[in-house]
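Residues per chain, in single letters:
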Amino acid sequence: MTMLVSEPRRQQQQQQASDFKEEILRLKEEKDVVILAHNYQVPDVQDVADYTGDSLGLSRQAAQADRQTILFCGVHFMAETAAIISPHKRVLIPEPDAGCSLSDSITVEELRDWKAAHPGSISVGYVNTTAEIKAELDYCCTSSNAVKVVDSIPAEKEILFLPDMFLGSYVAKVTGRKNMRIWAGECHVHAGITPQDIEEKLASLKDSEFVIHPECSCTTPMMYDAASGGFGDAKKVSVLSTEGMLNHVAASPSRNFVVATEVGILYRMRKQNPTKNFVPASENAECQYMKMITLQKVYDSLLNERSVVSVPPHIADRARLAIERMLEIG
Ligand code: 13P
Ligand code: SF4
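Residues numbered from 1 in each chain as written. Chains lettered and ligands numbered in written order. Predicted model: local features only at pLDDT ≥ 70, side-chain atom pairs only at ≥ 80, totals over all residues. Heavy atoms only, no water.

## Side note on the environment of Lys 291
With respect to the secondary-structure elements, Lys 291 resides in the loop between strand E12 (277-280) and helix H14 (295-304). Along the primary structure Lys 291 and Thr 175 are separated by 116 residues, whereas in three dimensions their C-alpha atoms are 34 Å apart. Apart from residues no more than four positions distant in its own chain, Lys 291 is found in contact with Tyr 40, Val 42, Glu 262, Gly 264 and Glu 286. (Helix = DSSP H or I, 4+ residues; strand = E, 2+ residues; numbered from the N terminus. Contact = heavy atoms within 4.5 Å.)

Next up, the structure:
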C-alpha cells in the first residue's frame with residue numbers, strides 16, 4: 001500500500017534530508033572520512049558518498065583511500081572486506097546488522113568439510129562471504145571478475161566455487177570449465193526475479209535491451225538466448241555486474257532498457273542517462289539489508305564514530321591473500 005504524504009510533511013522531510021547531507025559533508029571533512037556506497041544504497045545515501053560502485057570498485061577504493069576512516073554504506077561483508085584490505089584504517093558501518101542472504105548460505109564448517117572431501121581443489125569464493133570464509137579461500141572474486149579469476153586457474157585443477165549457484169553456472173558456461181563444483185547458495189533478491197517478470201517487462205517496453213546480473217536465477221537459460229543474439233522481445237541481452245550495467249547503458253545507442261537486479265541501481269542509471277528509459281525486471285527486487293542504511297544512520301555513525309568493523313588479525317591476514325590475488329587478476 002502506498003502511503004500518501006502531505007505537502008507540508010514532504011517539505012519537512014526534504015529539509016531534514018538536506019540538513020543531514022550538509023552536516024555529513026562537514027563532519028566527513030572534519031574527521032577525515034571517505035564515504036563509500038554500494039550501487040543498491042538509497043538515493044540520499046548515494047548523494048553523500050565520495051564513491052558509489054560495485055563490490056570490486058568498492059574494494060579498490062577501500063585499498064586506495066587516503067583518508068584515515070572509511071565509512072562503508074553497504075552490507076556487513078563489504079565493510080569487512082574494506083577492513084581486511086586496509087588494516088591500518090578504521091572502518092565504520094552505519095548499520096552493523098545489515099547482512100546478506102547469499103553470504104549466509106554457507107558456514108565455515110561446511111566449507112571446511114567440502115574442501116576436505118576434495119583435496120587438491122582450488123576454492124574460489126564470491127566477495128559476498130564472511131571474513132572467516134574468505135580466510136579459507138584460495139581466491140576471492142566478484143561478479144565483474146569471476147570469469148577472469150576462474151580462467152587464471154590451471155585447467156587441470158578442480159575448482160570449488162561458492163556460494164552463488166547462478167553466478168557459478170554462468171562462469172562455468174562462459175569459461176567452458178567442466179571441473180567446477182558449485183555450492184547451492186543464492187541471493188533471495190536476485191533468485192526472486194522470475195522469467196515471467198522479465199517477459200512481461202520486455203513485452204511492455206518495445207525495442208528494449210535487457211541487462212541482467214549473474215546472481216539472477218534465470219541467468220543460466222538466458223545465456224543460451226544471449227549467445228544466440230536475444231531473448232524474447234529483447235534486442236540484446238548482456239550479463240553484467242552492477243557497475244558493468246552502468247557502463248554498458250551509458251555507452252549503448254539504445255534508449256530503452258529492462259534491468260534485472262536490485263532496484264537501487266536505477267537511481268544512478270536515470271541520473272547519468274536522463275534521456276533513456278529504465279524499467280526494473282521486478283519492482284519487488286529490493287534488498288532489505290541494503291535499505292537498512294539511511295541518511296540519519298550515516299549521520300549518527302559519523303557523529304558518534306560507530307560501528308567499528310574489526311576482523312581478528314589471524315583471520316584478516318589469511319583472507320587478505322585471497323582478496324589480493326583477486327585484485328591482482330583484475
Ligand atoms: P556487484 O558486485 O555487481 O555490485 O553485485 C553485488 C551484489 O549483488 C551485492 O549484493
Ligand atoms: Fe546479499 Fe542479495 Fe542483498 Fe546483494 S542483494 S546484499 S547478494 S541479499
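## So, unusual backbone geometry
Omega for the bond connecting Leu 162 with Pro 163 falls within 30 degrees of zero, at -10°, which places this linkage in the cis form. Relative to the assigned elements, Pro 163 resides in the loop between strand E7 (159-162) and helix H8 (165-175). Note the cis peptide between Arg 306 and Ser 307, where omega equals -5°. With respect to the helices and strands, Ser 307 occurs in the loop between H14 and helix H15 (313-329). One non-glycine residue, Asp 32, lies in the positive phi region at around 55°. Backbone geometry at Asp 207 places phi at a positive 60°, although glycine is not the residue there. In this structure, Asp 207 sits in the loop between helix H10 (195-204) and strand E9 (209-212). Accessibility expressed as a relative area gives 51% for Asp 207, which makes it exposed. (Buried < 20%, exposed > 50% of the residue type's maximum accessible area, 1.4 Å probe, protein only.)

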